[in-house]
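Residue-level structural notes
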Amino acid sequence: GLGSLGIGLPGVVSLGIFLNPMFEAMPRIRKMGHVGEMPMLPYSAMTSQGSVWTAYGLLLNNPAVWTPNLCAALLGMYYMSIYC
């Protein structure tokens, strides 16, 4: 489980933040059929910061850093793919 990864409460909270668009923005986009005026910046920033922090966490060999940020990078890429 999450405890075995050692990500703790901050990691769990950050995962909740990264998953939020899946339940808020993405259903709205699916319903409208297009992204409309919604900017891609939050999702590209999520991908960028997730990638940088994942690399940092891997260099430190610290799953508490790289695990939630790998999720952020992957989710950010998924969210950005909606715009393409």
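Please read all numbers here as calculations on a predicted model, not as lab measurements.

**Comments concerning the packing of aromatic side chains**
- Overall, the coordinates contain four aromatic pairs when judged by the stated rule.
- Here the aromatic rings of Tyr43 and Tyr79 are separated by 5.4 Å at their centres, their planes lie at 65 degrees, and the arrangement is edge-to-face. Of this pair, Tyr43 sits in helix 4 (residues 41-60) while Tyr79 sits in helix 5 (residues 63-81), and the two are 36 residues apart along the sequence. The same class applies to Tyr43 and to Tyr79, which are both buried.

**Structural notes on the pattern of salt bridges**
- Evaluated as defined, the whole model comprises one salt bridge.
- Where Glu24 meets Arg28, a salt bridge forms, and the shortest distance between an N and an O atom there is 3.8 Å.
- On the accessibility criterion, Arg28 (38% relative accessible area) is partly exposed.

**As for the environment of Pro21**
- Structurally, Pro21 is set in helix 2 (residues 8-23).
- Put simply, Pro21 and Gly50 are 29 residues apart on the chain and 15 Å apart in space, counted from C-alpha to C-alpha.
- In this view, Pro21 contacts Met26, Pro27, Tyr43, Met46 and Tyr79; residues no more than four positions away in its chain are not counted.

**Overview of the side chain of Thr47**
- Mapped onto the elements, Thr47 comes out in helix 4.
- Engagement of the side chain of Thr47 in a polar contact is seen with the backbone oxygen of Tyr43, the distance being 2.9 Å.
- If we skip the residues at most four places from it in the chain, Thr47 touches Ala73, Gly76, Met77 and Met80.

Calculation rules
Here, residues in each chain are numbered from 1, in the same order as that chain's written sequence. It should be noted that, the model being predicted, local features are given only for residues of pLDDT at least 70 and side-chain atom pairs only at 80 or more, the latter also being counted only at that level, while totals for whole chains, interfaces and linings use all residues. Excluded from the side-chain calculation are hydrogens and water; included are all heavy atoms of the structure. Two rings from Phe, Tyr or Trp (for Trp, the six-membered ring) form a pair when their centres are within 6.5 Å of each other. A pair whose planes differ by under 30 degrees is stacked, one over 60 is edge-to-face, and the rest are tilted. Helix and strand definitions follow DSSP, with helices as H or I runs of at least four residues and strands as E runs of at least two, each counted in order from the N terminus. When accessible area is computed with a 1.4 Å probe and restricted to protein chains, residues below 20% of their type maximum are described as buried, those above 50% as exposed, and intermediate ones as partly exposed. Criterion for a salt bridge: a side-chain nitrogen of Lys or Arg within 4 Å of a carboxyl oxygen of Asp or Glu. Here a residue-residue contact requires only that any non-hydrogen atoms of the pair lie within 4.5 Å. Polar contact is the term for a pair of N or O atoms within 3.5 Å; when the atoms are in protein, one must be able to donate a hydrogen and the other to accept it, and sequence-neighboring residues count only if both atoms are side-chain atoms.

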